Every structure is written in C-alpha cells, then in structure tokens.
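The residues making up each chain are set out below.
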Amino acid sequence: AMRNPLLLLSILAFFISACNSRNEKAIAMPVELHPLSLGIMPTMDVFPFIVAQKSGIYDSLGLKVNLVQFDSPYDRDAAFLTGKIDGTITDYPSIALLQVHHPGGSVIMATQGYFCFITNRQNPINQFDELKEKNIAISRGTVIDYATDLLCEKYGIKSGEINKPEIAQIPLRLNMLQYGQIEATFLPDPFATIAMKNGNKSLISTRELNIHLTGTAFTETALKEKRKEITALIKGYNLGVKHIQACSPKELNLLLTEAAGIPDYIAKLILLPSYTPAKRPDEQDIRQTIKWLRNKNKIPDNYQGENLIDTTFLPRTMNTSANRHAKR
C-alpha cells in the first residue's frame, strides 16, 4: 500500500514533465500557425494530445500547443468563458450550460476517457442499494453528476436517498475517498487506478453505463480565427493515436510515467481507452445531455443545443451507438 497518497498528487506534473519518446515526423505545414492553448483535466482523454506534443508531432506540424492544467471543471470553464484558453477538453453538460448562459463555444470532437465508480475500502459497499444515505461526491452540472444520477436511476435509488457533496477538484476527491470522508465517487484514471491500488473498489465504469459525454470544445473566437490551427491540432491528435497504437506495452508505460508523472507500477495497471482517430460527438449523446439538463431545470425548455457541435472540422460518422453495442 502507498504510505503517502499526497505524494501521488505529483501526478499534477502529468502534463508538464518532459517525455523523451521517439520523434514521429509529420509533414511540416508551410503556413505560419499561431499558438493554440488547450485546457486539460487530469484524465486519460488528454493522452493523445500529450503524446503528440511530447513526441514532436506538433512541432513537425508547425503548431505550438500550450496545455493548461486544471483540477476543477469550474476553473476550466471560467478560463474558457473569459477567453484565457482557446479550447478545452470538457464534457457536454458543462459546455451546454456555458452556452445557455453565455453565447459561443462548440464541441468539435469527442474524446475517449472514462470514469470508474470507486467505493471506499473502509466502508465496503458490494451492492448498489447499500449506497442509500451515503456521501457520493460529485462536481455539479458535469458528466460526474450525470453519471451519478444515471447510476442511481439504473439501480432504483431515488435522488433524495443519497447525499451528493460538491467536491469539484479531482485530487481532493481522491484524498477524501482515501481518508474515508466520502463513501464513493466517480474518478478518471490515473486517480481511479491509484484508488484501487490502495484497496478501494471499482463497482462499475461509465463504459459499462454506456456514457460517452466528453469532448474538445473551442471558443467562438478560436473557431473563427484559428481554423488552420484547430485543423492541425486534430491532425496531431490522430498521429498521437497512431503513435500510441504502435507502442509496445513497455513503451506505453514509459510514455505514461513520463507524461503523467506517475510511478511505473501504477502506469502498468492503467487500462487505457481504445483510442481511435478524432470523431464528431454522437448526436444521441448530445440529446441525452440536453434531456438530463432540462430535467434538472438547469436549461430553458427552448434550448435545443443547436450550436453545441461544430460539424465543419470532421466528417459525419456512422451512428456509433450501434457499434458500441456490437463490441460488448
């Protein structure tokens, strides 16, 4: 067991420390590109972007990408809203809420991360109905809140039967789980793997609940003024995915430990998402998001999410929900 989980919060170096992976050359673009800033949360959605940055793919495309780290979705949303960042990895409920209250900003692509529902080792929970009267930490109005509601609905727990304390910062949620201050929460990797390594248990993940609500969004200004840069960002992402697919398990561990600032024994345990080239968000996922927000009275009835997806960067894909069921 780890003696000091606080040390692990050096994970926040996730996105800052250097990664000396082999360079992958892409054809340089002759056009002068402006730097692009992308807000990131400590989740695995961001890994292909980091790989593209650290392995020199973005350099070879002539694009400087500044990855700006946030631990709380609210800090990230505030930076997005005020134009401090051009774009961000986000979730559909968060971006829909931003759009309702402040015009501008659209999702250009879906990303591939997932969240595990982790229960505290000090109060073992084996059945979902044991969650009644328990503290399940969330960040309100985000995919974490959505997933918690869906989980409760699926297992017949009414919203009044659980407590949902607001703990937006992911490292803090992990810490509170470790010290028994909350009974359960949804966590992304690498935090979920660290929690499990410390004896906490994952009961289910958003993959099994068929929740796919994360993506990359850009401000209205960036969508107008930085089209070439966003196109290069997507191209680099796709090359980053190829790079990950070509890596041996040993090379992947090295990439993870260097990019994520986590120990090798944690990197070995992480189950990476099956990354695929960039795709548009699934319209069904967007519809579910809007429906949930409406039911929570967080958005007006007339908001349909018309501009929530910017469809001009990526071609239309087949409805992926059919493919999802086929894989299971």
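Residues numbered from 1 in each chain as written. Predicted model: local features only at pLDDT ≥ 70, side-chain atom pairs only at ≥ 80, totals over all residues. Heavy atoms only, no water.

**So, empty space enclosed by the protein**
To be explicit about the condition: For cavity detection a 1 Å grid was placed over the protein atoms alone, and a set of points counts as a cavity when a 1.4 Å probe fits there but cannot get out; an open set counts as a pocket when protein lies on both sides within 12 Å along at least five of seven lines, with lining residues being those that have an atom within 4 Å of a point. Grid points are joined across faces, edges and corners, and a volume is the space filled by probe spheres set on the points. Starting at the N terminus, helices and strands are each numbered in turn, a helix being any DSSP run of H or I of at least four residues and a strand any DSSP run of E of at least two. Each residue receives one of three labels: charged for Asp, Glu, Lys and Arg, nonpolar for Ala, Val, Leu, Ile, Met, Phe, Trp, Tyr, Cys and Pro, and polar for the others, Gly being one of them.
Counted by the stated rule, this structure contains two cavities of 30 Å³ or more. In this structure, the largest cavity spans a volume of roughly 190 Å³. What lines the largest cavity is a set of 17 residues, and nearest its centre among them are Met41, Thr43, Arg76, Asp91 and Phe115. For the lining of the largest cavity, the secondary structure elements donating two or more residues are α3 (73–81), β3 (87–91), α5 (143–154) and α6 (170–178). No other element matches the three residues that β3 contributes to the lining of the largest cavity. Taken together, the residues that form the lining of the largest cavity break down as eight nonpolar, five polar and four charged. Estimates place the volume of the second largest cavity at around 40 Å³. Contributing to the lining of the second largest cavity are Gly113, Tyr114, Phe115, Val143, Thr206, Ile211, His212, Leu213 and Thr214. Of the residues in the lining of the second largest cavity, the class split is five nonpolar, four polar and no charged.

**What to know about the sheet that holds strand β9 (residues 214–218)**
In a beta sheet, neighbouring strands are held together by backbone hydrogen bonds and run either parallel or antiparallel to one another. Short version of the rule: We call two strands paired when DSSP finds no fewer than two bridges between them. For helices, the fitted line uses only the C-alpha atoms of the stretch in contact; every axis is such a line through C-alpha atoms, and the angle between N-to-C directions lies from 0 to 180 degrees. Contacts between residues were defined by any pair of non-hydrogen atoms, one from each residue, lying within 4.5 Å.
One open sheet accounts for five strands, arranged β2-β1-β3-β9-β4; its pairing is mixed. Among the strands making up the open sheet, the edge pair consists of β2 (65–69) and β4 (106–110). Here the strands of the sheet are splayed against their neighbours by 30 degrees on average, with no regard to which way each runs. Along the sheet, α3 contacts β3 and β9; its crossing angle with β3, the most-contacted strand, is approximately 140 degrees. Helix α4 (residues 92–101) contacts β3, β4 and β9 of the sheet and is inclined by roughly 115 degrees relative to β3.

**Some thoughts on the confidence of the model for the protein**
Inclusion rule: Confidence of the prediction at every residue is given by pLDDT, a number between 0 and 100.
Looking at the protein as a whole, its pLDDT mean stands at 86, while 87% of the residues score no less than 70. Counting interchain partners and residues more than four positions distant, the pLDDT-below-50 stretch residues 1–24 has 73 contacts. In this model, residues 318–328 is a region of pLDDT below 50 whose contacts with residues beyond four sequence positions or in other chains number 12 contacts.

**A closer look at the packing of aromatic side chains**
To describe a pair of aromatic rings, you give the distance between the ring centres and the angle between the ring planes. For clarity, the threshold we go by: Classification of ring pairs uses Phe, Tyr and Trp, with its six-membered ring standing for Trp, and accepts pairs whose centres are within 6.5 Å; under 30 degrees between planes counts as stacked, over 60 as edge-to-face, and the remaining range as tilted. Categorising residues by exposure relies on relative accessible area from a 1.4 Å probe, with only protein chains included: less than 20% of the type maximum marks a residue as buried, more than 50% marks it as exposed, and the intermediate range marks it as partly exposed. The criterion is that NZ of a Lys, or CZ of an Arg, lies within 6 Å of the ring centre and within 35 degrees of the ring normal, and then a charge sits over that ring.
Using the criterion set out here, one finds five aromatic pairs in the structure. Look at Phe49 and Tyr237: their rings are 4.8 Å apart centre to centre, the planes differ by 55 degrees, and that puts the pair in the tilted class. Taken as a pair, Phe49 in helix α1 (residues 47–54) and Tyr237 in helix α9 (residues 227–246) lie far apart in primary sequence, 188 residues in all. Seen from their ring centres, Phe128 and Tyr155 are 3.9 Å apart, and the 15 degrees between their planes marks the pair as stacked. Taken together, the residues span a long stretch of sequence, with Phe128 in the loop between β5 (115–119) and β6 (136–137) and Tyr155 in the loop between α5 and α6 at a distance of 27 residues. Assessed through its relative accessible area of 33%, Tyr155 is described here as partly exposed. Directly above the aromatic system of Tyr114 lies the positively charged group of Arg207, at a separation of 3.7 Å from the ring centroid.

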